[in-house]
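# Report on the structure
Next come the chains, spelled out residue by residue.
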Amino acid sequence: MRIVASTLIQRGLTALLDRVLPDLPEAMAGRVRFEQVQSILRMTPVMMGANIVIALLVGLAGLNSPHTVALTIWAALVVSYGLLGLRGWVAAQRRKSGKSTVSARGVRRMTWQAGLLGVLWGALPILTMPKAQGFAGAMPMLVASVIAGMIGCGGFAMLTLPAAAIAYSTPMVLGSLYVLATSNDPILYALGGLLIFCHMVVSVSCLSHAKIFADRLVAAEELEKQKQVVSLLLSDFEEGASDWLWEVDAAGRMTYVSDRMAAAAGADKEALIGRPMSDLCGAAEAPAGPVAALSALFAEQRAFRDVVVSIGVGETVHCQETHWWSLSAKPVHDLDGDFIGFRGVGADITQAREDQARISRLAHYDVLTQLPNRLSFLQALGKAWTEHGRPKSHSGTGAGCAVLCLDLDHFKGVNDSLGHPIGDDLLIQASARLRDCVAEHMGHGGFVARLGGDEFAVVIAPSPGHEALGALAQAIVAALSRPYDVRGHNVLIGASIGIAVAPMDADDPDGLLKHADLALYRAKGDGRGAYRFFETAMDVWAQERRELELDLRDALAKAELKLFFQPLIGAHENETTGFEALLRWQHPRRGLVPPSDFIECAEQWGLIGAIGEWVLYEACRTAATWPSHLTVAVNLSPNQFASGELVAQVKAALNASGLAPERLELEITEGLLLHDSVKTLEQLAALKALGVKIAMDDFGTGYSSLAYLWRFPFDKIKIDRSFVAEMQDNSAIADILRTIALLGQTLNLEVTAEGVETAAQARLLADMRCDTFQGFLYGRPMPVGDIPSFLVSNLARRMRRGVEDDGAEEAVGY
Ligand code: C2E
Ligand code: CA
Ligand code: CA
């Protein structure tokens, strides 16, 4: 029977506990039980004290009653219980283990103890039950009050542990009910009903309170756990990520600064707290810049993302370094919904921004010259076109804009002969001159770009008019044509410029650029170092040039190239000393094309190497069939030296033809020596070592022909025909020619005068001691088939003259 009862009670208690602690994991349930037990333990001294005192009082009150013995025993039991309880409490205080959980068994034990106390008190009404019918005297009153008080106080003290509270109060209620039920008094029955009702109220309150207590505890525990997780995540974030956390109050003053943020701001964390965050923004920024943006953002009280602000990092304003931060934040509100500041993350993106700027710079600027590149140029052109290029009716200003296309003359020669590092340095210097010159003439109205290689372009917007553009072009040509000192080399190049002006020269920016390019092409075709404005006719001309290029590529293969030969005549005996090979192009449609119309194109289009090689073979092959004292002169382009194959080609041509090397003369111009390349001089020396003669052609037209005479042991100089043409009208030129001839004699060089057209010129030049003549007076360039008859007729002429001079018999040669 006892076992059944105890099992029932146990089950009941477990059910009660389950109601209070539903589905909690054991660890959490243990925590809750611990708090429940703790709250009871806190009350233990008071409760035990009260038990002892009240039991003693009741014992005393019952001394003269019929229940003295029973009451004394009862009081002794309660006092003992109380004392044991106190002792247990003291022991529990002493052995505080730091453990913060209590097992279900611990709670059961406490419930049993409470139940035992309840039984002791429940026995009181039964022990003091009146022997006779009806209640009389003060005792029942005392007992009723004490029991009511004990139920109330006990239930209150054990509020958190309903099982204990119920186990404690139920025996008291049962004891009292037993007494009331046996009283046979209807009023007392009613009192019994009231007691049951009160007990139920106490029990239910206990249960509900305990539930709230447990729920709160669970919630607090959860909150704590969440807090730990969040702070773990945050510290992880702050340690690991490059971003940091920050917080400001409603006035924008920093209230939380993470270590990383303080480090990024280059300031102490403590010094930052309380300062307005906008104080950090770079002092260098304009008021309308990020500073204002940050204050405005704060003022808006709305969330923002990835806002970039500039930050002045450093102790003082003067030695501050500008950094860039990216900030994101959300507004924070208090419980009343009032705005109390911002909380967010930040990151220093200075490096990323710099990288981006570098990439963007690479995309828009030429690495070598630091000038804007083609992409930037096209953008600038597009902008100039929209703002100024379109006619006024199309929303433009109507002022117009201009494009100058610019190309360095002879740059390729420098690059090929002196090497790319020198070529690069030259480009850098030329770019600087171009930029300075445009800035000087146009201020901010000019945009200079390098399009690639030695091509440059300038956008001028608004256009200052034809005259000013012409003046600018002239100034650019002059600036770029001044000698350059590149790593100790004295280098001369020039520039050609083509200009197109919007809106009259084109319908769109592309067309404008194309037409400026055409004008440049034309400027180069007209002789370098010039500028040309675009003209509609140039389109036709360009078309022709294009066709010419295509035809010239086939000319060699189609055997359309021919050599003509112009005689060289001895100044005194008028004998034929040799011929100069001059190239002609027998074009099926154009007829005989002179070299001036295609040699330069051949050089530009990279065809001169193959053509020059063919000329060498053909000239040697032809000369080998001539009488053995006749020489042949071949013109060489600087580009032929650049290839590095020239010496081998000459050797091969001599070998193939069997021509004696001393019968071959190679004519070079000053342009070749301009760049003073070791490579060129080495090749010249190698050629000379073969026994070939080297002549300086067009002597006097360059800047420093004389200087070059000392640099290389030429065999011959050929005075340019422009001197010959002018010498009769200009005594200074005649003096120069005399000096040159004298110089030739001193240096032991043969001196040839080119372009001799009149007998008077021939007489003068002969007096000046020129050695040979070349010119229409003696013979025009002729096809190879005409040479025998020329030789014969020249011999005949000489003989006639010889008869007149009484010296015909002695005349030798042709
Ligand atoms: P250059 O070497 O100065 O050749 C002499 C040029 O003067 C030739 O013109 C010739 O016809 C012209 N000429 C000769 N005597 C007179 C004269 O009395 N009066 C006038 N007004 N002109 C005269 P051409 O044949 O048109 O050659 C022009 C230039 O083309 C040559 O000038 C030479 O620099 C170049 N050239 C010709 N053939 C070749 C070649 O095979 N290779 C290379 N690289 N250049 C060549
Ligand atoms: Ca020549
Ligand atoms: Ca010449």
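Computed from a predicted structure; not experimentally measured.

### A closer look at the site of ligand 1
Taken together, 21 residues lie near ligand 1, and Q566, R584, R721, E757 and F776 sit nearest. The separation between an oxygen atom of ligand 1 and a polar side-chain atom of R721 is 2.7 Å. Contact distances for ligand 1 include 2.5 Å between a nitrogen atom and a side-chain N or O atom of E757. Contact with the protein chains hides 83% of the accessible area of ligand 1, taken as 790 Å² for the molecule alone. Counting residues per element, the ones that place at least two in the shell around ligand 1 are β14 (576–587) and β18 (693–699). Broken down by element, the shell around ligand 1 gets its largest block of residues, four residues, from β14. Grouping the amino acids of the shell around ligand 1 by side-chain chemistry returns nine nonpolar, five polar and seven charged.

### What to know about the sheet that holds strand β2 (residues 254–257)
Across the sheet, which stays open at both edges, the five strands sit in the order β2-β1-β5-β4-β3 with antiparallel pairing between neighbours. Sheet topology places β2 and β3 (304–313) at the edges, where each strand pairs with a single neighbour. Across the sheet, the axes of successive neighbouring strands diverge by a mean angle of 30 degrees, strand direction being ignored. Here nine bridges tie strand β4 (residues 321–333) to strand β5 (residues 339–348), and the two strands are oriented antiparallel to one another. Counterpart to K330 in the pairing with β5 is R343. Where helix α11 (residues 350–364) meets the sheet, its contacts fall on β3, β4 and β5, and the angle it forms with β4 comes to roughly 125 degrees.

### A few points about unusual backbone geometry
Of note, the amide linkage connecting A461 to P462 takes the cis form, showing an omega dihedral of -5 degrees. Here P462 is to be found in the loop between β8 (455–460) and α15 (466–481). Residue P503 is bonded to the preceding A502 through a cis peptide linkage, with omega at 0 degrees. Checked against the element boundaries, P503 lands in the loop between β11 (494–502) and α16 (509–525).

### Here's the deal with the nonpolar core
Residues L664, L666, L765 and F773 are the most contacted members of the largest nonpolar core, which totals 104 residues. Counting contributing residues, this core receives three or more from each of domain 3 (369–534) and domain 4 (553–731 + 779–801). Not counting chain neighbours up to four residues away, the residues in contact with L765 comprise V724, M727, L737, A753, V756, C770 and F773. In terms of nonpolar packing, the next biggest core, distinct from the first, is built from 40 residues, L41, L71, I151 and M158 among them.

### Observations regarding the confidence of the model for the chain
Confidence in the prediction for the chain averages 86 pLDDT; 91% of positions are at 70 or higher. Averaged over each element, pLDDT in the chain is lowest for helix α1 (residues 2–20) (59) and highest for strand β16 (residues 631–635) (98). Across residues 284–289, where pLDDT falls below 50, the model places four contacts with residues more than four positions away in sequence or in other chains. In the predicted structure, residues 807–812 sits below a pLDDT of 50 and forms seven contacts with residues beyond four places in sequence or in another chain.

### Comments concerning the coordination of the calcium ion (ligand 2)
Taken together, E580 (OE), N635 (OD1), E667 (OE) and D697 (OD) make up the full set of protein donors to the calcium ion (ligand 2), lying 2.1 to 2.3 Å away. Read from N- to C-terminus, the donor residues coordinating the calcium ion (ligand 2) fall into the pattern E-x54-N-x31-E-x29-D. Separating the calcium ion (ligand 2) from the calcium ion (ligand 3) is a distance of 3.9 Å, and D697 supplies a donor atom to each of them. Pair noted here: E580 is in strand β14 and E667 is in strand β17 (residues 664–668), with a separation of 87 residues, a long-range link. Exposure remark for E580: the relative accessible area of 2% places this residue in the buried category.

### Digging into the packing of helix α14 (residues 420–442) against α15
Interaxial distance between α14 and α15 falls to 9 Å at its minimum, and their mutual angle equals 150 degrees. One element, α14, and the other, α15, form an angle in the roughly antiparallel class. In this structure, α14 crosses over α15, and the sense of that crossing is right-handed. Between α14 and α15, the residues in contact are A430, R433, L434, C437, V438, H441 and M442 and A468, L472, A475, I476, A479 and L480, respectively. Within the contact of α14 with α15, the residues separate by chemical class into eleven nonpolar, one polar and one charged.

### Some details on the side chain of R663
Summarising the element assignment, R663 is placed in the loop between α21 (646–657) and β17. In terms of polar contacts, R663 uses its side chain to reach the backbone carbonyl oxygen of P627, at 3.1 Å. Discounting residues that sit within four places of it in the chain, R663 has contacts with A623, A624, W626, P627, S628, L630, T631 and V632.

### Focus on the coordination of the calcium ion (ligand 3)
Taken together, the protein ligands of the calcium ion (ligand 3) are D697 (OD), D698 (OD), E754 (OE) and E754 (OE), with distances of 2.2 to 2.4 Å. Positions of the donor residues of the calcium ion (ligand 3) along the chain correspond to the pattern D-D-x55-E.

### Regarding the pattern of salt bridges
Oppositely charged side chains can pair when the atoms bearing their charge come close. Within this structure, the stated rule accounts for 27 salt bridges. Across the pair D355 and R358 runs a salt bridge, and its minimum N-O distance is 2.7 Å. Of this pair, D355 and R358 both sit in helix α11, three residues apart, which is roughly one turn of that helix. Connected via shared salt-bridge partners are E580, E667, K718 and E754.

### Here's the deal with the pairing of β4
Relative to β4, β3 is paired through eight bridges, and the arrangement is antiparallel. Looking across to β4, one finds that G312 is bridged to T322.

### Some thoughts on the sheet that holds β11
Taken together, the five strands give an open sheet; going across it, the order is β7-β8-β6-β11-β12, and neighbouring strands pair in mixed fashion. Edge positions in the sheet fall to β7 (446–452) and β12 (531–533), since each of these pairs with one other strand and no more. Direction aside, the axes of adjacent strands within the sheet are offset by 20 degrees on average. Here nine bridges tie strand β6 (residues 401–409) to β11, and the two strands are oriented antiparallel to one another. Pairing of A402 across the sheet is with V501, part of β11. The strands touched by α15 within the sheet are β6, β8, β11 and β12, with β11 carrying the most contacts at an inclination of about 160 degrees.

### A look at helix α6 (residues 162–181)
The first and last C-alpha atoms of α6 sit 27 Å apart over 20 residues, in line with the 28 Å expected at 1.5 Å per residue. With 15 of 20 residues buried, α6 lies mostly within the body of the structure.

### Concerning the environment of L512
Turning to its location among the elements, L512 is positioned in helix α16. For L512, a relative accessible area of 0% gives the class buried. The spacing of L512 and F712 is 200 residues in sequence and 47 Å in space, taken between C-alpha atoms. Dropping the residues within four chain positions of it, L512 is found in contact with L381, W385, C401, V403, A500, V501, A502, D505 and A506.

Analysis parameters
Residues numbered from 1 in each chain as written. Chains lettered and ligands numbered in written order. Predicted model: local features only at pLDDT ≥ 70, side-chain atom pairs only at ≥ 80, totals over all residues. Heavy atoms only, no water. Near = heavy atom within 4 Å. Polar contact = N/O pair within 3.5 Å; in protein donor to acceptor, adjacent residues only side chain to side chain. Areas by Shrake-Rupley, 256 points an atom, 1.4 Å probe, with all protein chains shown as cover. Helix = DSSP H or I, 4+ residues; strand = E, 2+ residues; numbered from the N terminus. Nonpolar A, V, L, I, M, F, W, Y, C, P; charged D, E, K, R; others polar. Pairing = 2+ DSSP bridges. Axes fitted to C-alpha atoms, helices over the stretch in contact; angles between N-to-C directions. Contact = heavy atoms within 4.5 Å. Core = buried A, V, L, I, M, F, W, Y, C linked by side-chain atoms within 4.5 Å. Buried < 20%, exposed > 50% of the residue type's maximum accessible area, 1.4 Å probe, protein only. Domains from an automatic or database assignment. pLDDT = per-residue confidence, 0-100. Donors = N, O, S within 2.8 Å, 3.2 Å for Na, K, Ca; no water. Parallel < 35°, antiparallel > 145°, perpendicular 65-115°, else oblique. Left-handed = near helix turned anticlockwise from the far one by under 90°. Salt bridge = Lys/Arg side-chain N within 4 Å of Asp/Glu carboxyl O. Expected span 1.5 Å × (residues − 1).

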